[in-house]
Amino acid sequence: RRWLRQHDCVEKLNMHAILSASTGQEQLLTELLVTYAKVPVLIGELISVEIWKHKIFPVLCRLEDFKPRSTFPIYVVLHHEASIINLLETVFFYKEICESAEDSILDLIDYCHRKLTLLAGRSANGQTVTPAVLVPPQELQKQAEKMEFEISLKALSVLRFITDQVESLPLSALTRMLNTHNLPCLLVELVEHCPWSCREAGKLKKFENGVWHVVPPEDEVKMTKLDGQVWLALLNLLLSPECQRKYHFDGFNKSQLLKLRAFLTDVLVDQLPNLVEMQRFLSHLAVTEPASPKKDLVLEQVPVIWDHILKKNAGKWEAIAKHQVKRVFSPTEEELKLQACRWAQTYSLDMMEALAPDKPRCRVCGVEAAKRCSRCRNEWYCTR
């Protein structure tokens, strides 16, 4: 019950963040998350659910005696990860949120790397063949697979926001992104294979806003938000002086990065003019041998959340799964009704209206305002 209350709070925070962002008033939420040091807590919760999906969920699906009356409680756990990463995607745009993550930013970088590796390795259209009739465990696995794809796309956005702050990140975070995980080369893979687009029956389909849709021929060369996130992350990681000083431009990395030149067409550069700098960098890289990075870091921080959870529960996964089957995932009919009511209340229109922030008003005359001050980002005005 305590965990369900916590999930309820995360869900409301997520909805509030989305509604606030839609009106440009997410400042209050970000301040509260920073003040109460909740960003590391959210990252820890995110990784806990990820480990549950990898270690406990497969055991649950294999248990012969697990025949739940409803798969709803398990779906709530699967959905929990999606809610947290969506919340982080909404707030990580702000520098203070990124800085407030402190040492747990390393765990978040590792999390994003795991998700992007899965994304790069999946099939072109992100879909797999499934039986026509799905029994509960298979149905859950299908839902989890679909959710995993969408979570990975959210992780891409979070990673891009982290790279926006390369100047203020700890040295260990830069080392982890550039050399431990070699994120520039992983991003090149995403540019090459583009898992959020595919061709089906001769038509180009792209994944946007949670659905696959057919792209009209005139829009086929149009850059999507996801394409933009990859290119912006590459710009941040390759053009920052500090990153260039730390990255290993060896033969393999150099050959991988030079693949980007084939994708930097005039049409693409017109849509994202910053890519002109990328073209110049790659042209220079092609004819020079960059200096080897200086090994000036003796002590390096390492992420602790993932390893701590794995070590603490090593060898106990099946026992934990069986315990959860009895105590958590086999609720009575009364408990199911209670959970369903709580879920319905969370998503009720009244709740959404209560969470929605008031529309911004002009500081001068008090009427509804559409323009925000570009300097302080706090005050609103009805005219210039």
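Our subject in this report is the structure included herewith. (Residues numbered from 1 in each chain as written. Predicted model: local features only at pLDDT ≥ 70, side-chain atom pairs only at ≥ 80, totals over all residues. Heavy atoms only, no water.)

### Digging into the pairing of strand S1 (residues 197–200)
When S1 meets strand S2 (residues 203–208), the two strands line up antiparallel, connected through four bridges. Residue pairing for S2: Cys-198 is matched across the bridge by Lys-205. Counting the residues that bridge the hairpin from S1 to S2 gives two residues, and of these Ala-201 lies at a positive phi of roughly 55°. (Pairing = 2+ DSSP bridges. Helix = DSSP H or I, 4+ residues; strand = E, 2+ residues; numbered from the N terminus.)

### A word on the sheet that holds S1
Strand order in this open sheet of three strands is S1-S2-S3, and the pairing throughout is antiparallel. Bordering the open sheet on either side are S1 and strand S3 (211–214), each of which pairs with just one other strand. Averaged over all adjacent pairs, the angle separating strand axes in this sheet is 30°, with direction ignored. Where S2 meets S3, four bridges bridge the pair, whose relative direction is antiparallel. Bridging across to S3, Phe-207 finds its partner in Trp-212. (Axes fitted to C-alpha atoms, helices over the stretch in contact; angles between N-to-C directions.)

### Things to note about the pattern of salt bridges
Under the criterion given, the structure shown has 18 salt bridges. Between Glu-81 and Lys-115 there is a salt bridge whose closest N-O contact spans 3.1 Å. Of this pair, Glu-81 sits in helix H5 (residues 72–91) while Lys-115 sits in helix H7 (residues 104–121), and the two are 34 residues apart along the sequence. Of the two residues examined, Glu-81 and Lys-115, each falls in the buried class. (Salt bridge = Lys/Arg side-chain N within 4 Å of Asp/Glu carboxyl O. Buried < 20%, exposed > 50% of the residue type's maximum accessible area, 1.4 Å probe, protein only.)

### Focus on the nonpolar core
The biggest cluster of nonpolar side chains holds 101 residues, and the ones touching the most others in it are Leu-60, Phe-92, Ile-105, Leu-108, Trp-196, Trp-231 and Leu-275. Looking at this core, the element that brings in the most residues is helix H8 (residues 136–163), giving 12 residues. Beyond its immediate chain neighbours, meaning those up to four positions away, Leu-60 contacts Trp-52, Phe-66, Ile-74, Ala-321, Val-325 and Phe-329. (Core = buried A, V, L, I, M, F, W, Y, C linked by side-chain atoms within 4.5 Å. Contact = heavy atoms within 4.5 Å.)

### Describing unusual backbone geometry
One non-glycine residue, Ala-37, lies in positive phi territory at about 50°. Within the secondary structure layout, Ala-37 lies in the loop between helix H2 (27–35) and helix H3 (39–55). Phi is positive for Ala-201, close to 55°, though the residue is something other than glycine. Tracing the backbone through its elements, the reader meets Ala-201 in the loop between S1 and S2. Residue class for Ala-201 comes out exposed when judged on its relative accessible area of 80%.

So far we have only geometry, and geometry alone does not tell us how the molecule works.
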